[in-house]
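The chain contents come next:
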Amino acid sequence: MSDKPHSYSVAPSHDALRLSRRGGIAARYPQDVFHLPAMSASVSKARRRVLTVLSEWGVDERCRADAELVVSELFTNAVRHTDSVKVTCEIRLIGPRLRVEVADQGCAETEPRARFSGADEEGGRGLMLVGALAEEWGVRPDDTGRGQVVWACLRYGRTLR
């Protein structure tokens, strides 16, 4: 993990034009972006990072638990189903929503989609779980056009401090 402090005022390039027209409102919304190697061991590091940051931001326990599961599923898919060297995770609070984005470097055989798995199948339920927890989720190409960004939006509340 990076020793860099959390970034709070940098909008991703896909939002930069839209946000600049509103006077740079991205600075109001806390966000954190980090990169980890595309290895199974990185999934638990991503979960811990997200939980730590969301706790620092005062996000409620239910949303933290949901975000932990969403990050785990999306990060695992990026590691297992792409030829990525690194996986990028971005979390940000926008109004009453937490947006989670996990980006791979590409070459997945198919676009991520929820599917029904048989009772005896070991995997295949991750995106169904994401869909059940998120208000909405989706997939878009990354900025290079080679990889994919899978995103999910969760409703959150603040903890009392």
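How each quantity is defined
Residues numbered from 1 in each chain as written. Predicted model: local features only at pLDDT ≥ 70, side-chain atom pairs only at ≥ 80, totals over all residues. Heavy atoms only, no water. Core = buried A, V, L, I, M, F, W, Y, C linked by side-chain atoms within 4.5 Å. Buried < 20%, exposed > 50% of the residue type's maximum accessible area, 1.4 Å probe, protein only. Helix = DSSP H or I, 4+ residues; strand = E, 2+ residues; numbered from the N terminus. Contact = heavy atoms within 4.5 Å. Axes fitted to C-alpha atoms, helices over the stretch in contact; angles between N-to-C directions. Parallel < 35°, antiparallel > 145°, perpendicular 65-115°, else oblique. Left-handed = near helix turned anticlockwise from the far one by under 90°. Nonpolar A, V, L, I, M, F, W, Y, C, P; charged D, E, K, R; others polar. Expected span 1.5 Å × (residues − 1). Polar contact = N/O pair within 3.5 Å; in protein donor to acceptor, adjacent residues only side chain to side chain. Arc of directions from axis to C-beta. pLDDT = per-residue confidence, 0-100.

Moving on, we come to the nonpolar core. Grouped together as the largest cluster of nonpolar side chains are 32 residues, with contacts concentrated most on V50, L54, F75, C89, I91 and L98. Broken down by secondary-structure element, the contributors of at least two residues to this core are β1 (31–37), α2 (41–56), α3 (61–81), β2 (86–94), β3 (97–103), α4 (126–133) and β5 (148–155). Ranked by residue count, the leading element in this core is α3, at 8 residues. In contact with L54, other than residues within four places in its own chain, are V59, R64, A67, I91 and L98.

With their axes 9 Å apart at the nearest point, α3 and α4 run at an angle of 150° to one another. In this view, α3 runs roughly antiparallel relative to α4, as classed from their interaxial angle. Crossing of α3 over α4 shows left-handed handedness. The segment α3 lies against α4, with D66, L69, V70, E73, L74 and N77 engaging G126, L127, L129, V130 and L133. Split into classes, the residues belonging to the contact of α3 with α4 amount to 7 nonpolar, 2 polar and 2 charged.

The next subject is the environment of A38. Note on placement: A38 falls in the loop between β1 and α2. Given a relative accessible area of 17%, A38 falls into the buried group. It is 5.9 Å that separates the C-alpha atoms of A38 and S84, two residues lying 46 residues apart in sequence. The residues touching A38, leaving out its near neighbours within four places in the chain, are V79, S84, V85, K86 and V87.

On to α3. Spacing of three or four residues puts side chains on the same side of an α-helix, whose turn is 3.6 residues. Compared with the 30 Å implied by 1.5 Å per residue over 21 residues, the 30 Å span of α3 between its first and last C-alpha is a close match. N-cap assignment for α3: the residue whose side-chain oxygen lies 3.3 Å from the backbone N of R62 is D60.

For α2, built from 16 residues, the straight-helix expectation of 22 Å at 1.5 Å per residue is met to within 8% by its first-to-last C-alpha distance of 24 Å. When we look at burial in α2, the residues that qualify are S42, V43, A46, R49, V50, V53 and L54. Looking down the long axis of α2, one finds its buried residues gathered within 125° of arc, a one-sided arrangement. Structurally, α2 contributes buried residues whose contacts are with β1, α3, β2 and β3. One or two steps after α2, the chain reaches G58, where phi turns positive at roughly 80°.

On average, residues of the protein chain carry a pLDDT of 80, and 70% of them reach 70 or more. Taken together, the stretch residues 1–26 has pLDDT below 50 and engages in 35 contacts with residues farther than four places along the chain or on a different chain. pLDDT under 50 marks residues 114–119. Its contacts with residues more than four places away, or in other chains, come to 13 contacts.

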